[in-house]
Amino acid sequence: MSSPTRIDAVDVIRAKRDGEELSTDYIRWIIDAYTRGAVGDEQFAALNMAIFLNGMNRREIVDWTQAMIDSGERMDFRALGVPTADKHSTGGVGDKLSLPLGPLVASFGVAVPMLSGRGLGHTGGTLDKLEAIPGFTVDIDNERMMSILRDVGVVIASAGAGLAPADKKIYALRDITSTVDCIPLIASSIMSKKIAAGADSLVLDVKVGSGAFMKDLDTARELARTMVDLGNDAGVITSALLTDMSVPLGKKIGNSLEIAETVEVLAGGGPADIVELTCEFARRMLAAAGQPDADVEAALRDGRAMDTWRAMVTAQGGDPDAALPVAPHTHDLVADRDGVVTELDALAIGVGSWRLGAGRARKEDPVQLSAGIELHVGIGDRVQAGQKLMTLHTETEDRFDYALASITPGVVIGDTEVAERSVILDTIDPTR
């Protein structure tokens, strides 16, 4: 639809309420006006709900995303003179992939500027995990980021307030008006920040299952396709993997525990699912950067990725040799019968880890760096009564009962063998 010369918030709300297509001018005006405070929360909440109910087409989503990018700064890494690559996950339990992945890709000469977030609820945050390393700082200004990228090749840091500030304001409003679960708004929220972050290419990890935001494969595919199209439309080479989050990733959940597992992977070991996904994401990132034949497994075996990890930790103020925080209290959950582990529900275990202190309910809450869960068995393993299934870690002993109330129903021991599961459920590539 065409836009009048003078735009009013009521006109924009009415248009989307009535199922009309919002013009580029309408979208640019409303997002700019809301970011500046010229449009009130109550009006933008009404618009969010109208979008939630009536959706947006591809052109509208592209314009909406671009308007949020234009609300702030856009990073530019061209001065580095090398390709840049990034990866984003929609969040899960035990999902530490960015930690070994960034140094692995950087060890091939590709710059990896990763701007990450903190955990909320049952999903862990990359920044919280890194802060379990003594001295490590995630607050890096742009000049220091460029310096580390030149010297080391990888930075994992917090996103500055200047990137897509409209998104922060809009998301906070969506969170209190029940309009979070809306694919156009989810996709534009994620992609506005990732496109503004300035990398040449991006690989998305869209989690599917009980421990993920997306519970079913079809909805996850729709979100992934929308985000892949948004990235490529903006000139960022973008693809996505849909990965299983019905079961936690790896064997360790919680901040310092996941750093320890990251080091295992970089040393050439670690759980098979973490290694598989780390290598697959690395191959995709390197292919987009012009290295389709890179032997990423070799870089894990021969220590190149570990060397880059240690250099990154040191450059960001951390001590790669320092002891990690250890919880003073532990509790073992044991099998109550002989049988086969048929279920390790990611949501139940993620909530349990959060209740132990590894996560936060509000963004301003502190976390316990040593809290979390260590799994001793996996899906399909045969166990005996009394065998340790997992060890719970916390700094606050009275949290165990609260955590076990979530965890125990999610751990099922049955009598039948379990079919081997695939951690990669689907791939979404550019349409052109």
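This one's a predicted model, so the numbers in the text were calculated from it and none came from an experiment.

Another point: the packing of helix α1 (residues 9-17) against helix α2 (residues 24-36). Two elements in contact, α1 and α2, have axes whose closest approach is 10 Å; the angle formed by their N-to-C orientations is 125°. As far as their axial angle goes, α2 and α1 are oblique. Seen along the crossing, α1 lies across α2 with a hand that is left-handed. From α1, Ala9, Asp11, Val12 and Ala15 reach across to α2, where they touch Tyr26, Trp29 and Ile30. Within the contact of α1 with α2, the residues separate by chemical class into six nonpolar, no polar and one charged.

This part covers the pairing of strand β11 (residues 388-394). With six of seven residues buried, β11 lies mostly within the body of the structure. The pairing of strand β9 (residues 372-375) with β11 spans four bridges and is classified as antiparallel. Along β11, the bridge assignment pairs leucine 375 with methionine 390.

Let's shift gears to the sheet that holds strand β7 (residues 329-334). Here four strands make up an open sheet; going across it, the order is β6-β9-β11-β7 and the pairing antiparallel. Two strands bound the open sheet, and with one partner strand each, they are β6 (252-253) and β7. As paired elements, β6 and β9 share two bridges and run antiparallel to each other. When the sheet's bridge partners are listed, lysine 252 is paired in β9 with glutamate 374.

This part takes up the pattern of salt bridges. Evaluated as defined, the whole model comprises 33 salt bridges. The closest approach of N and O atoms between aspartate 233 and arginine 58, which form a salt bridge, is 2.8 Å. Highlighted residues: aspartate 233 in helix α10 (residues 217-233) and arginine 58 in helix α4 (residues 58-69), separated in sequence by 175 residues. Residue classification places aspartate 233 among the partly exposed residues on the basis of a relative accessible area of 31%. For arginine 58, a relative accessible area of 39% gives the class partly exposed. A cluster of three or more residues bridged by salt bridges with shared partners is formed by Glu280, Arg283, Arg284, Glu297 and Asp429.

Where empty space is left in the structure can be found by rolling a water-sized probe over the atoms. Empty space within the second largest pocket amounts to approximately 400 Å³. Looking at which element gives the most residues to the lining of the second largest pocket, the answer is helix α12 (residues 272-288), with three residues. Per-class residue counts for the lining of the second largest pocket are eleven nonpolar, three polar and six charged. Two domains share the lining of the second largest pocket, each providing at least three of its residues, namely domain 2 (78-160 + 180-321) and domain 3 (329-414).

For helix α14 (residues 304-315), built from twelve residues, the straight-helix expectation of 16 Å at 1.5 Å per residue is met to within 8% by its first-to-last C-alpha distance of 17 Å. Every buried residue of α14 is accounted for by Ala305, Met306, Thr308, Trp309, Met312, Val313 and Ala315. One or two residues past the end of α14 sits glycine 317, with phi positive at roughly 90°.

There is a patch of nonpolar side chains on the surface, built from Met49, Phe52 and Leu53 and spanning about 270 Å² of accessible area. Tracing the backbone through its elements, the reader meets leucine 53 in helix α3 (residues 41-54). With a relative accessible area of 61%, leucine 53 lands in the exposed category.

What follows covers the UniProt feature "domain: Pyrimidine nucleoside phosphorylase C-terminal" (unreviewed entry) in the protein chain. Residues annotated in UniProt with the feature "domain: Pyrimidine nucleoside phosphorylase C-terminal" (unreviewed entry) correspond here to residues 340-414. Secondary structure over residues 340-414 splits into 28% helix and 29% strand, and the C-alpha atoms at its two ends are 5 Å apart.

This part takes up the sheet that holds strand β12 (residues 411-414). Pairing within the open sheet is antiparallel, and its three strands lie in the order β10-β8-β12. Edge strands, defined here as strands with exactly one partner in the open sheet, are β10 (382-383) and β12. Relative to β10, strand β8 (residues 339-344) is paired through two bridges, and the arrangement is antiparallel. By the bridge assignment, valine 340 is partnered in β10 with arginine 382.

The subject of this paragraph is the packing of α1 against α3. Two elements in contact, α1 and α3, have axes whose closest approach is 8 Å; the angle formed by their N-to-C orientations is 20°. Considered as vectors, α1 and α3 are oriented roughly parallel to each other. In the packing of α1 onto α3, the handedness of the crossing is left-handed. Residues Ala9, Val10, Val12, Ile13, Lys16 and Arg17 of α1 touch α3, and the partners they reach there are Gln43, Ala46, Leu47, Ala50, Ile51 and Asn54. Split into classes, the residues belonging to the contact of α1 with α3 amount to eight nonpolar, two polar and two charged.

Attention shifts here to empty space enclosed by the protein. Under the defined criterion, the tally for this structure stands at two cavities of 30 Å³ or more. The computed volume of the largest cavity comes to approximately 130 Å³. Lining the largest cavity are 22 residues, with His122, Thr123, Gly124, Ala358 and Gly359 sitting closest to its centre. Residue assignment for the lining of the largest cavity shows that the elements contributing at least two residues are α6 (126-130), α11 (255-266) and α15 (346-358).

Rules of the game
- Residues numbered from 1 in each chain as written.
- Predicted model: local features only at pLDDT ≥ 70, side-chain atom pairs only at ≥ 80, totals over all residues.
- Heavy atoms only, no water.
- Axes fitted to C-alpha atoms, helices over the stretch in contact; angles between N-to-C directions.
- Helix = DSSP H or I, 4+ residues; strand = E, 2+ residues; numbered from the N terminus.
- Parallel < 35°, antiparallel > 145°, perpendicular 65-115°, else oblique.
- Left-handed = near helix turned anticlockwise from the far one by under 90°.
- Contact = heavy atoms within 4.5 Å.
- Nonpolar A, V, L, I, M, F, W, Y, C, P; charged D, E, K, R; others polar.
- Buried < 20%, exposed > 50% of the residue type's maximum accessible area, 1.4 Å probe, protein only.
- Pairing = 2+ DSSP bridges.
- Salt bridge = Lys/Arg side-chain N within 4 Å of Asp/Glu carboxyl O.
- 1 Å grid on protein atoms, 1.4 Å probe; cavity = no way out; pocket = protein on both sides within 12 Å on 5 of 7 lines; lining within 4 Å.
- Points joined across faces, edges and corners; volume = space filled by probe spheres on them.
- Domains from an automatic or database assignment.
- Expected span 1.5 Å × (residues − 1).
- Patch = residues over 30% accessible without salt bridge, like charges linked within 9 Å, V, L, I, M, F, W, Y side chains within 5 Å.
- Areas by Shrake-Rupley, 256 points an atom, 1.4 Å probe, with all protein chains shown as cover.
- UniProt positions renumbered as here; feature names shortened; annotations may be inferred.

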